[in-house]
Amino acid sequence: MDDLSALPDSARLWLFALDGATEAILPDLRAFCAAWTSHGRPVRAAADALDGHVLAVAALITEADTNAGVSGCGIDAMQHAVETAATRAGLALTPALSVTARSENGAWASMTRPAFRQLVCDGAAGSETLVLDLTPATLGALRAAGGVVRTAGETWHALTFGLGRVAATL
């Protein structure tokens, strides 16, 4: 299975921001997904690139299984596959606690939270700044959010950085 469209809303989702084009690692990740098992059970999984810099991996064993039925060891194996594919392609995962925002020239920039807070304080970033929101934990949540590119005012960024606007979905 190559893309996310064949999986239900209940599929567990992992999102990874990278410092370059995620399409370069899709062949490796799709091969991993095709062979992925968790405690000897096949994992129904897919990997896809979202908005150029985000890798999405979604999985389930059965729709009735909690947390997609994928064990901690299975999740670790997937994380290792992502890291290996990224390294092989000369890419790096952005740090988990960073903020990735689109600059005025349209380029994505990852930065520390204090650096983003400074942009907010300086007036260079605000509730309408486009950010990558990597918080959806299921495909249904991702679909309901309309993707990973959202305004900061619609995401956790609003609360964390005092942007004065909080979406109804938070």
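Residues numbered from 1 in each chain as written. Predicted model: local features only at pLDDT ≥ 70, side-chain atom pairs only at ≥ 80, totals over all residues. Heavy atoms only, no water.

Below, the discussion takes up the overall build of the protein chain. When helices and strands are counted, the protein chain shows 5 helices and 9 strands. Taken from N to C terminus, the helices and strands of the protein chain fall in the order β-α-β-β-β-β-α-β-β-α-β-α-β-α. For 170 residues, the compact-globule estimate of 2.2 N^0.38 gives 15 Å, and the protein chain sits close to it at 17 Å. C-alpha atoms of the protein chain, sized along the principal axes, occupy 55 × 35 × 25 Å. In the protein chain, which comprises 170 residues, the proportion classed as buried is 46%. (Helix = DSSP H or I, 4+ residues; strand = E, 2+ residues; numbered from the N terminus. Rg over C-alpha atoms; globule rule 2.2 N^0.38 Å. Buried < 20%, exposed > 50% of the residue type's maximum accessible area, 1.4 Å probe, protein only.)

With that out of the way, let us pick up the layout of surface pockets. Counted as a void, the largest pocket has a volume near 280 Å³. Around the largest pocket, the lining is made up of 17 residues, and of these Thr94, Pro95, Ala96, Ser98 and Leu134 lie nearest the centre. Mapped by element, the contributors of at least two residues to the lining of the largest pocket are β1 (12–17), β6 (99–102) and α5 (156–160). The greatest single-element share of the lining of the largest pocket, amounting to 3 residues, is contributed by β1. Looking at the lining of the largest pocket, its residues break down into 10 nonpolar, 6 polar and 1 charged. Taken together, Ala101, Arg102, Ser103, Glu104, Ala109, Met111, Phe116, Leu119, Ala124, Ala125 and Thr129 form the lining of the second largest pocket. (1 Å grid on protein atoms, 1.4 Å probe; cavity = no way out; pocket = protein on both sides within 12 Å on 5 of 7 lines; lining within 4 Å. Points joined across faces, edges and corners; volume = space filled by probe spheres on them. Nonpolar A, V, L, I, M, F, W, Y, C, P; charged D, E, K, R; others polar.)

A pair of packed helices is characterised by two quantities: the angle between their axes and the separation of those axes. Between helix α1 (residues 26–35) and helix α2 (residues 72–88), the least distance of the axes is 9 Å, while the angle of their chain directions is 155°. In terms of their interaxial angle, α1 and α2 are classed as roughly antiparallel. The chirality of how α1 crosses α2 is right-handed. Two secondary-structure elements touch here, α1 through Asp28, Leu29 and Phe32 and α2 through Ala77, Met78, Ala81, Val82, Ala85 and Arg88. Residue classes in the contact of α1 with α2 are distributed as 7 nonpolar, no polar and 2 charged. (Axes fitted to C-alpha atoms, helices over the stretch in contact; angles between N-to-C directions. Parallel < 35°, antiparallel > 145°, perpendicular 65-115°, else oblique. Left-handed = near helix turned anticlockwise from the far one by under 90°. Contact = heavy atoms within 4.5 Å.)

Here we take up the nonpolar core. Ranked by internal contacts, the top residues of the largest apolar core, which has 25 residues, are Trp14, Phe16, Leu29, Trp36, Leu55, Val57 and Met78. Among the elements of the structure, β1, α1, β4 (44–50), β5 (54–60) and α2 are those that each provide at least two residues to this core. Element by element, the count of residues in this core is highest for α2, at 6 residues. For Met78, the residues in contact, after removing those within four places along its chain, are Trp14, Phe16, Phe32, Trp36 and Val57. Counting 17 residues, the second-largest nonpolar core is a separate cluster that includes Leu7, Ala56, Leu139 and Val148. (Core = buried A, V, L, I, M, F, W, Y, C linked by side-chain atoms within 4.5 Å.)

Looking at the element boundaries, Gly69 is found in the loop between β5 and α2. Non-local contacts of Gly69, meaning those with residues more than four positions away in its chain, are made with Ser38 and Ile61.

Bringing the side chain of Thr94 into the picture now. The residue Thr94 is located in the loop between α2 and β6 in this model. Residue class for Thr94 comes out buried when judged on its relative accessible area of 16%. Residue contacts for Thr94: discarding those within four places in its chain leaves Ala17, Leu18, Asp19, Thr100 and Ser110.

Let's shift gears to the pairing of β6. One ladder, built from 4 bridges, connects β6 with strand β7 (residues 108–111); its direction is antiparallel. Paired with Thr100 across the bridge in β7 is Ser110. Hairpin connection, β6 to β7: the antiparallel pair is bridged by 5 residues, and Gly106 has positive phi, about 90°. (Pairing = 2+ DSSP bridges.)

Of note, His39 is a non-glycine position whose phi angle comes to about 50°, a positive value. Here His39 lies in the loop between β2 (37–38) and β3 (41–42). The phi torsion at Asp51 lies on the positive side, around 50°, for a residue other than glycine. Within the secondary structure layout, Asp51 lies in the loop between β4 and β5.

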